[in-house]
Structures are given as C-alpha cells and as structure tokens.
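Understanding the architecture of this molecule
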Amino acid sequence: MTIAIVTGAADGIGWATAQRFAAGGARVVLADLRGESARERAAELGAAHIGLACDVTSEASVISLVEQVLSQCGRIDVLVNNAGIGDQGGATVDQRLDAFDRVLGVHLRGTFLMSREVARVMLAQAPLEGPHGCRGAIVNIASIVASAGIPGRNAYGAAKAGIVGMTKAMAVEWGLAGVRVNAVAPGYVRTALVEKLQAEGLLNTDAIHARTPMGRMGAPAEIAEAIAFLASPQASYITGSVLQVDGGWIAHGGAIPSVPPVVAS
Ligand code: NDP
C-alpha cells in the first residue's frame, strides 16, 4: 500500500489531496500545524489514516513527524509539500522583514526540511515493484506567481520561485537513485487562503475570472488530481517538471479585455 504524507492537510488543497490519495487506495498521513484538525480529518477518511501535528518550519517537529510515520507505516512513498501561508500584502516598500521571513520560512524552509528528512528515508528503501518502480515521489506546490509577478506579493513570489528552483535541484540530484521530484503550479483556487486575501482587499474575484482564459477559479480537487498524477506510476519518467494547473493563466499574454471571447455555440 502506498504511504503518502500531505502537509497542510487540514484544509484547502491539502485536504482535497488527502481525500484523493485515500480514494486511490493510499494510506495517508495528514500533517498540519493544527494537530487536532489533522486527526479529525484523518478520522473522516477512515481508521487506516493518520493525523499528526507538525510545523514544517521546525526541524525538530519535522524529524519527529518522519520518525512517527516510519514507526507506524514502515516506509514513505509520496510526500506532498503543500503547507503554505499567504503574503502580508501591500507595497513592497511598506513590508515588514519578520512577515517576509515568515512567508519564506513556511514555503522554502518547510519544503527543504520535509524533503530532506523524507528523502533520507526514500533513498534508503527498496524501490516499488513494477517496470520503472521508483523509491519515492515528491510533489511541491508552486504557483503562477513563480512565473509572473503580482504587485504586493513580494515574499510569496520569491518563495514560490524558490520552490521551483528547489524542485529542479532535488530532481536532478535524486533522479538516478529513483526519487522523482515535481511541482504543480496552481492558479487561483477557492480555498480559505484565497478567501482571506479577498477579505483583506488583496484579491478581486471578478478581475481574476476575466484574466483567466477558462473564466473561473480552480477547485481544490482539480489541483489534487494533478498532484496525484505526478506522484503516480503513470508519471514514472517525469521529474523536475512544473505542471501549470491554472485555467490557462500563464499561457495568456494578451491584453485584458482582449478580442471577443470564443464561446461554444
Ligand atoms: P489553506 O490556508 O486553505 O491551507 C493551508 C494549510 O497549511 C492550513 O491547514 C494551514 O494551517 C497549514 N499550514 C500553514 N503553515 C503551516 C506550517 N508551518 N506547518 C504545517 N502546516 C501549516 O491554503 P491553500 O489550500 O489555499 O494552499 C495550499 C498550498 O497551495 C499553499 O502552498 C499555497 O501557497 C498553494 N497555492 C494556493 C493557491 C490558491 O489559490 N489557494 C494558488 C497557488 C498555490 P493554518 O490554517 O493553521 O494556518
């Protein structure tokens, strides 16, 4: 049975991903800052699944999480580095250093610490059975801001671009050893994180719909599908890739509004 760890699994994209892996037959470890919520979510999925408290920015917490998973599950096949927070927002000249460090800490330090500890396990375990069985798969969560800047979202852009860099560095380092590392880059997805940005006036839903070629935000389950694919044996020759799951956002280089939209007849 596939053992999959999902960080930030109590809510949003992480929760949808945990549900997707469980539906696909995996045993899921839901790790979140809020341990109680993680345990409740795990219980919702069924008795086989595990909810654990973990702060991905803390080395001790990450090491303890990986030790607990190993002692309860014996191996780790999939890691999804999903835990994340939004930006402080506002003009860069007004941004605070502690908030900047916090955003980079959760995204970059968190992805690094989790990947390092889990890769130590993956690199030491036997490959999965099958013609191209790998030792493990890591999926990181980037964003459209890794490719295109959004005013006022300075630290978040730096963090997500850093995650893309880290994804490629780890992929080429561990490719020969059979650990694949990829990233999904979502566009706007309707989750608590996005609702908070909206409430703070940092996000205009109508403008986002107009700017997105598919005319809408994504659903957490649509991001989870892409994550599950990159973690699966169907992606056995894919490593170091960044899969845009953004309704066409990054492909769009035209003016807004552009030519009249093409609608189905
Ligand atoms: P949510 O806020 O809905 O969920 C994120 C989860 O991560 C929360 O449960 C949160 O806990 C947890 N978390 C935060 N910090 C830590 C930490 N230090 N250690 C462990 N868990 C932590 O976010 P989304 O589902 O929207 O986002 C998930 C990922 O997707 C993030 O990496 C985000 O940057 C990325 N993303 C999201 C997009 C979107 O439009 N929603 C677009 C592109 C990328 P708590 O609630 O207690 O803070």
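Note: the structure precedes this text.
All figures in this text were calculated on a predicted structure; none of them were measured in a lab. (Residues numbered from 1 in each chain as written. Predicted model: local features only at pLDDT ≥ 70, side-chain atom pairs only at ≥ 80, totals over all residues. Heavy atoms only, no water.)

If you look at the biggest cluster of nonpolar residues, it comprises 30 residues, and the most contacted ones within it are I5, L65, V69, I76, M114 and V118. Breaking this core down by element, the ones donating at least two residues are strand 1 (3–7), strand 2 (27–32), strand 3 (50–53), helix 3 (59–73), helix 4 (97–124), helix 5 (154–174) and strand 6 (179–186). Residue contributions to this core peak at seven residues, all from helix 4. Discounting residues that sit within four places of it in the chain, I5 has contacts with V29, L65, V69, I76, V78, L79, V80, M114 and V118. Within the second largest apolar cluster, 23 residues are counted, among which are V6, W15, V80 and I223. (Core = buried A, V, L, I, M, F, W, Y, C linked by side-chain atoms within 4.5 Å. Buried < 20%, exposed > 50% of the residue type's maximum accessible area, 1.4 Å probe, protein only. Helix = DSSP H or I, 4+ residues; strand = E, 2+ residues; numbered from the N terminus. Contact = heavy atoms within 4.5 Å.)

Within the structure shown, the criterion is met by one aromatic pair. The ring of Y156 carries the charged tip of R153 above its face, separated from the ring centre by 4.3 Å. Over the ring of W249 we find R211; its NZ or CZ atom is 4.2 Å from the centre of that ring. (Phe/Tyr/Trp six-rings, centres within 6.5 Å; stacked < 30°, edge-to-face > 60°. Lys NZ or Arg CZ within 6 Å of the ring centre and 35° of its normal.)

Under the 1.5 Å per step criterion, the end-to-end length of helix 1 (residues 12–23) is 17 Å for twelve residues, consistent within 8% with the ideal 16 Å. Buried positions along helix 1 lie against strand 1, strand 2, helix 2 (35–45), strand 4 (78–81) and helix 8 (220–231). G25 sits one or two positions beyond helix 1 and adopts a positive phi of about 95 degrees. (Expected span 1.5 Å × (residues − 1).)

Next up on the list: the environment of A23. By the element assignment, A23 lies in helix 1. Overall, A23 belongs to the exposed group, its relative accessible area being 70%. A C-alpha to C-alpha distance of 23 Å links A23 and L65, two positions 42 residues apart in sequence.

A word on the site of the ligand. Of all residues adjacent to the ligand, which total 30 residues, the nearest are I13, D32, Y156, V189 and T191. In this structure, an oxygen atom belonging to the ligand sits 2.8 Å away from a side-chain N or O atom of D32. Take R34: an N or O atom from its side chain is 2.9 Å from an oxygen atom of the ligand. Expressed as a share of its isolated accessible area of 890 Å², the protein-covered part of the ligand is 91%. If you list the elements that add at least two residues to the shell around the ligand, you get helix 1, helix 4, helix 5 and helix 6 (192–199). Ranked by residue count, the leading element in the shell around the ligand is helix 6, at three residues. Classifying every residue of the shell around the ligand by side-chain character gives 17 nonpolar, eight polar and five charged. (Near = heavy atom within 4 Å. Polar contact = N/O pair within 3.5 Å; in protein donor to acceptor, adjacent residues only side chain to side chain. Areas by Shrake-Rupley, 256 points an atom, 1.4 Å probe, with all protein chains shown as cover. Nonpolar A, V, L, I, M, F, W, Y, C, P; charged D, E, K, R; others polar.)

A few words on the pairing of strand 3. As judged from the four bridges shared by strand 2 and strand 3, these two strands associate in the parallel manner. Bridge assignment links L30 to a residue of strand 3, and that residue is G51. Read as a crossover between parallel neighbours, the route from strand 2 over helix 2 to strand 3 is right-handed. (Pairing = 2+ DSSP bridges. Right-handed = clockwise from strand over helix to strand, strands pointing away.)

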